[in-house]
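Close look at the chain arrangement
Each chain, letter by letter, is given below.
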Amino acid sequence: MAFTCATGKHRRPSRMQRSTARAVGVAALTTTGVMATVASTPAFAAEPSPEQTGLIPVVTVGESVAESVADQVDEQVAAQKQAAFEEAARQAAAKKAVEEREARVRAAREAERKRLNTFVSPITGSYVSTGYQASSSLWSSGSHTGIDFHAASGTTVHAVGSGTVVEAGWGGAYGNQIVIKMHDGTYTQYGHLSSIEVSVGQTVTPGQRIALSGATGNVTGAHLHFEARTSPEYGSDIDPVAYLRNHGVNV
């Protein structure tokens, strides 16, 4: 009987052959009890607990970092809120300071306005002894161009309002005199003075002492001659009583 011989080389088993052989081997092991032995070895033990793997410490550290970051965020938010509060308070204080400063400026301006528009009597506590336009041969014009305030020699004479001195010195029949251009553009004149305490160009305020009353010039006794004028010149006189009353002075 004839036999056909192989070429002498062994072929590698196919994938199907290898799988079949592995299955057969496993069956054999199971039959002999080896499979049970292998199942009890550490290689086939239950899955390790999380503590053994180190996963829980890792998670714990992560949570700690998250809490730290959250705390930092909270701190930053709190700091930002505090900074915003302080900035708002600063701005409010600055606004209040500006408002208070503006209020002071307004109050000062109002006070200055009132001061400029305030008028007083030229002689405190005195009265008119000779009225305006009274007739007498004592006056060259035949009538009184002003009013006379009763005053003993040396009595304080006040500027009746705010203004600038335009004349201060001898005035002929008026004796020593002062003429002031008032803040409202009118003029006031003070005559028969015993002394003068202001000079030309000087600014005066209501109630300021400017002279002392006397009996210089054409007089029969000590008193203050007061005139209100539309110009610094003689002959531009207006009713001084009405003038003072119109400016709030009780005469």
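Just so you know, these numbers come straight off a predicted model, no measurement behind them.

1. A word on the overall build of the protein
Within the protein, the regular secondary structure consists of 5 helices and 10 strands. Expressed as a percentage of the 251 residues in the protein, the buried residues total 24%. For the protein, the proportion of contacts with a sequence separation of at least 24, taken over those separated by at least 6, is 58%. Roughly 16,400 Å² of accessible area belongs to the protein as shown, and the carbon and sulfur atoms make up 57% of that amount.

2. What about the pattern of salt bridges?
For the structure shown, the criterion picks out 5 salt bridges. In this structure, glutamate 110 engages arginine 113 in a salt bridge whose closest nitrogen and oxygen atoms are separated by 2.5 Å. Placement of both glutamate 110 and arginine 113 in helix H4 (residues 55–117) is noted, with a separation of 3 residues, approximately one turn of the helix. Since its relative accessible area comes to 31%, glutamate 110 is described here as partly exposed. Accessibility expressed as a relative area gives 43% for arginine 113, which makes it partly exposed. Notably, a salt bridge pairs glutamate 227 with arginine 229, separated by 2.9 Å at the nearest N-O pair. Among the residues examined, glutamate 227 registers a relative accessible area of 0% and is labelled buried.

3. Remarks on the packing of aromatic side chains
Overall, the coordinates contain 4 aromatic pairs when judged by the stated rule. With a centroid separation of 5.5 Å and an interplanar angle of 65°, the aromatic rings of tyrosine 190 and phenylalanine 226 are classed as edge-to-face. Taken together, the positions of tyrosine 190 in strand S6 (residues 187–196) and phenylalanine 226 in strand S9 (residues 224–229) put the pair 36 residues apart, joining distant regions of the chain. Exposure class is identical for tyrosine 190 and phenylalanine 226. Each is buried.

4. Section: the side chain of glutamine 177
Of note, glutamine 177 is situated in strand S5 (residues 176–182). Looking at glutamine 177, the relative accessible area reads 7%, which means it is buried. Setting aside chain neighbours within four positions, we find glutamine 177 in contact with Glu167, Ala168, Gly169, Gly171, Gln189, Tyr190, Gly191, Leu193 and Ile196.

5. Overview of a negative patch on the surface
Together, Glu63, Glu67, Asp71, Asp74 and Glu75 give the surface a local cluster of negative charge. Following the sequence through the fold, aspartate 71 ends up in helix H4. For aspartate 71, a relative accessible area of 44% translates into the label partly exposed.

6. Considering unusual backbone geometry
Negative phi is the rule for most residues except glycine; trans is the rule for most peptide bonds. Within the chain, glutamine 133 stands out as a residue other than glycine whose phi angle is a positive 65°. Mapping glutamine 133 onto the fold places it in the loop between strand S1 (128–130) and strand S2 (147–149). On the basis of relative accessibility, which here comes to 49%, the residue glutamine 133 falls in the partly exposed class. In this structure, histidine 192 is a non-glycine residue whose phi angle is positive, near 65°. Tracing the sequence through the fold places histidine 192 in strand S6.

7. What to know about the confidence of the model for the protein
Confidence in the prediction for the protein averages 82 pLDDT; 74% of positions are at 70 or higher. Predicted confidence for residues 1–10 stays below pLDDT 50, and this span has 0 contacts to residues more than four positions away or in other chains. Every residue in residues 23–45 is under pLDDT 50, and counting partners more than four places away or in other chains gives 5 contacts.

Quick notes on the rules
Residues numbered from 1 in each chain as written. Predicted model: local features only at pLDDT ≥ 70, side-chain atom pairs only at ≥ 80, totals over all residues. Heavy atoms only, no water. Helix = DSSP H or I, 4+ residues; strand = E, 2+ residues; numbered from the N terminus. Buried < 20%, exposed > 50% of the residue type's maximum accessible area, 1.4 Å probe, protein only. Contact = heavy atoms within 4.5 Å. Areas by Shrake-Rupley, 256 points an atom, 1.4 Å probe, with all protein chains shown as cover. Salt bridge = Lys/Arg side-chain N within 4 Å of Asp/Glu carboxyl O. Phe/Tyr/Trp six-rings, centres within 6.5 Å; stacked < 30°, edge-to-face > 60°. Patch = residues over 30% accessible without salt bridge, like charges linked within 9 Å, V, L, I, M, F, W, Y side chains within 5 Å. Lys, Arg positive; Asp, Glu negative; His and termini not counted. Charge placed at Lys NZ, Arg CZ, Asp CG, Glu CD. pLDDT = per-residue confidence, 0-100.

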